Amino acid sequence: MPPEEHGGPLMADVARLAGVAISTVSRALANPGRVNEKTRAKIDAAAKQLGYTPNAMARGLRVGKSNTVMIILPGSLYYGVSQVIPQVLQSINRALLENGYNLMIANLGRDADSERHILDLAFGGTVRGAIILSSKLPEVDGRSLANTGLPIVSMLLDMSAAGLPSVVTNDREAVREATAEMIRLGHRRFLYIAGPEDNYHDVERYAGALQAVREAGLSEEVISRSGGNLDYQEGFAIGTQAAADFARLTDRPTAVIATSDDMAISFSSRIQRSGLRIPEDLSVVSFDGSPVCEFCSPPLSTISQPFEEMGQVAVARLLDIIGQSEKEWETPIVVRSRFILRESMAPPSS
């Protein structure tokens, strides 16, 4: 039976009996040198009393000797043309290899079994650190990744409020800049194509659009919203639905802010099929910066995320904290995105 599953003592039980935190137990078992002798003795005694034994891999592979970093994904590798996750993985893998580390990909399913496996790896000492691309830390059977004592960095999502060092891009400022450019061109009515409601990225990006219209002296009501009920992985479907929503509006927008390239591409395809022209009848800007945007018809204006630089910064930060004492990280590292203006944006025709 795998360790810490049903029927056996948990690391939390050892921590409770020894009167210490779970993270302290994890460090004592994986890297004894990081825990003082008195505390280590209490933990050893509690573990023996309960019959707790780390898994076989942990006995032979301590955290201090592992050269593997685990990246925890929010879902499938497939993200349409945007290829967000593959681009992130490529940048992280390149940076890790340059520093003598290997990459382990985890959590494709976001189910209990996947998260239990991740926690077994983390508590067992298989990995040296983790980079997480999810808004939720794995937590199953009373165990949480937060209690492993493992160095963790959040990428793309700001989790600094939870004490995790985070590397993000300037979603809000980037969308504000793109919306302000549309306003400068003369647009006064907008359709915002949203990701999942309350998602970190959507909250930031929508706030950027609102900020731009406020700064221009416009009412927030000039922005109509579509979407909000599907994940970014369903970008093509979100864009298709947005085209249908657009057709039902009586006072139609002249500009569209799509929060992923997939949304913009499927939306533009349906709109042009209906007889409207881009940018003559409708300007469009997207988010992510996929290379395919340059080859759309017309070439699509987009906000290009700095995946390569973000991956390098995330790895550098993780390697910087590996083996060091715990520390709260109050502010994220922000790597700026780049707005690319192409032929999909122009002044409104009327």
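For the structure, see preceding data.
Residues numbered from 1 in each chain as written. Predicted model: local features only at pLDDT ≥ 70, side-chain atom pairs only at ≥ 80, totals over all residues. Heavy atoms only, no water.

1. Remarks on the packing of helix 5 (residues 84-98) against helix 11 (residues 307-321)
In contact at an axis separation of 8 Å, helix 5 and helix 11 are set at 45° when each is read in the N-to-C sense. When the axis of helix 5 is compared with that of helix 11, the two are oblique. In this structure, the crossing between helix 5 and helix 11 has a hand that is right-handed. Facing Val84, Gln87, Val88, Ser91, Ile92, Arg94, Ala95 and Leu96 of helix 5, the residues of helix 11 in contact are Phe307, Glu308, Gly311, Gln312 and Val315. (Axes fitted to C-alpha atoms, helices over the stretch in contact; angles between N-to-C directions. Helix = DSSP H or I, 4+ residues; strand = E, 2+ residues; numbered from the N terminus. Parallel < 35°, antiparallel > 145°, perpendicular 65-115°, else oblique. Left-handed = near helix turned anticlockwise from the far one by under 90°. Contact = heavy atoms within 4.5 Å.)

2. Observations concerning the nonpolar core
Core analysis: the largest hydrophobic core is formed by 33 residues, its most contacted members being Val14, Val25, Ile43, Met70, Ile72 and Leu145. Going through the elements one at a time, helix 1 (11-18), helix 2 (22-30), helix 3 (37-50), strand 1 (68-72), helix 6 (112-124) and strand 3 (129-132) are the ones with two or more residues in this core. Beyond its immediate sequence surroundings of up to four residues, Ile43 is in contact with Val14, Ala18, Val20, Thr24, Val25 and Ala28. The next biggest cluster of nonpolar side chains, apart from the first, holds 25 residues, and it includes Leu89, Phe307, Met310 and Ala314. (Core = buried A, V, L, I, M, F, W, Y, C linked by side-chain atoms within 4.5 Å. Buried < 20%, exposed > 50% of the residue type's maximum accessible area, 1.4 Å probe, protein only.)

3. Some thoughts on the environment of Ile132
The residue Ile132 is located in strand 3 in this model. Here Ile132 falls in the buried class, since its relative accessible area comes to 0%. Each C-alpha atom, one on Ile132 and one on Leu156, is 8.8 Å from the other, the two residues being 24 residues apart in sequence. Setting aside anything within four residues of it in sequence, one finds Ile132 in contact with Ile72, Leu137, Pro138, Ile152, Val153, Ser154, Met155 and Met159.

4. Some remarks on the sheet that holds strand 3
Read across the sheet, six strands follow the order 2-1-3-6-7-13 without closing on themselves; strand pairing throughout is parallel. In this open sheet, the two edge strands, each paired with only one partner strand, are strand 2 (102-106) and strand 13 (333-335). Mean inter-strand twist for the sheet, computed between neighbouring axes without regard to direction, equals 20°. Strand direction decides the pairing type here: strand 7 (residues 166-169) and strand 13, joined by three bridges, are parallel. Among the inter-strand pairings, Val168 is bridged to a residue of strand 13, identified as Val334. Of the strands in this sheet, strand 1, strand 3, strand 6 (152-155), strand 7 and strand 13 are in contact with helix 11, which crosses strand 6 at around 165°. (Pairing = 2+ DSSP bridges.)

5. Structural notes on helix 6
Three- or four-residue spacings in an α-helix give side chains the same orientation, since the helix completes a turn every 3.6 residues. The first and last C-alpha atoms of helix 6 sit 18 Å apart over 13 residues, in line with the 18 Å expected at 1.5 Å per residue. Taking burial as the measure, the 13 residues of helix 6 include ten buried ones, the bulk of the element. Every buried residue of helix 6 is accounted for by Ser114, Glu115, Arg116, Ile118, Leu119, Asp120, Leu121, Ala122, Phe123 and Gly124. Looking at the residues trailing helix 6, positive phi occurs at Gly125, about 90°. (Expected span 1.5 Å × (residues − 1).)

6. A short note on the packing of helix 7 (residues 171-185) against helix 8 (residues 200-215)
At a minimum axis separation of 7 Å, helix 7 and helix 8 run at an interaxial angle of 40°. Classified by chirality, the crossing of helix 8 by helix 7 is right-handed. Across the interface between the two elements, Asp171, Arg172, Val175, Arg176, Thr179, Ala180 and Ile183 from helix 7 touch His201, Glu204, Arg205, Ala207, Gly208, Ala209, Gln211, Ala212, Val213 and Glu215 from helix 8. Of the residues belonging to the contact of helix 7 with helix 8, the class tally is seven nonpolar, four polar and six charged. (Nonpolar A, V, L, I, M, F, W, Y, C, P; charged D, E, K, R; others polar.)

7. Describing the pattern of salt bridges
The full count for this structure, using the stated rule, is 13 salt bridges. One salt bridge connects Arg176 with Glu215, and the closest N-O pair in it is separated by 3.6 Å. Here Arg176, found in helix 7, pairs with Glu215, found in helix 8; they are 39 residues apart in sequence, far enough to count as distant. (Salt bridge = Lys/Arg side-chain N within 4 Å of Asp/Glu carboxyl O.)

8. A word on the side chain of Gln305
Tracing the sequence through the fold places Gln305 in the loop between strand 12 (301-304) and helix 11. At 2.8 Å, the side chain of Gln305 and the side chain of Asp288 are in polar contact. Those residues within four positions of Gln305 in sequence are excluded, and the remaining contacts are Leu156, Thr169, Arg205, Phe287, Asp288 and Ser337. (Polar contact = N/O pair within 3.5 Å; in protein donor to acceptor, adjacent residues only side chain to side chain.)

9. Description of unusual backbone geometry
Cis geometry marks the peptide bond from Ile278 to Pro279, where omega comes out at 10°. With respect to the element layout, Pro279 can be found in the loop between helix 10 (261-273) and strand 11 (283-288). A cis amide bond, omega -5°, links Ser297 with the succeeding residue Pro298. With respect to the secondary-structure elements, Pro298 resides in the loop between strand 11 and strand 12. Phi is positive for Asp198, which is not a glycine, with a value near 70°. Tracing the backbone through its elements, the reader meets Asp198 in the loop between strand 8 (190-194) and helix 8. Assessed through its relative accessible area of 66%, Asp198 is described here as exposed. Backbone geometry places Asp288, a non-glycine residue, at a positive phi of 135°.

Function cannot be read off these values alone, since they describe shape.
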